Amino acid sequence: MGMKDQMQDKSRQAKEKAQEKAGQARQKAGQRGGQGQPQRGTQNHRDIEDTEQQVRDRFNQDYDA
């Protein structure tokens, strides 16, 4: 194997290792963040569909007005 081939092989290995690490990080982040997100999304969706009175009631309840 020539010097050029060795360098290309090392470069390819480093790239594969970096892609593998990135995939593991994404998977780990998904495991941590997956639990809270759906609840927030439904909360925001619910706020859009609420009537004005429901919004006022929730505001008063949250801030003890």
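Residues numbered from 1 in each chain as written. Predicted model: local features only at pLDDT ≥ 70, side-chain atom pairs only at ≥ 80, totals over all residues. Heavy atoms only, no water.

- Per an unreviewed UniProt entry, the protein goes by CsbD family protein and derives from Streptomyces lavenduligriseus.

Digging into the overall build of the protein
Here comes step 1: Looking only at helices and strands, the protein features 3 helices and 0 strands.
Here comes step 2: Taken from N to C terminus, the helices and strands of the protein fall in the order α-α-α.
Here comes step 3: With an accessible surface of roughly 6300 Å², the protein has 49% of that area assigned to carbon and sulfur atoms. (Helix = DSSP H or I, 4+ residues; strand = E, 2+ residues; numbered from the N terminus. Areas by Shrake-Rupley, 256 points an atom, 1.4 Å probe, with all protein chains shown as cover.)

Details of the pattern of salt bridges
Here comes step 1: Using the criterion set out here, one finds 3 salt bridges in the structure.
Here comes step 2: Shared partners join several salt bridges into a network, and the residues in it are D9, R12 and E16. (Salt bridge = Lys/Arg side-chain N within 4 Å of Asp/Glu carboxyl O.)

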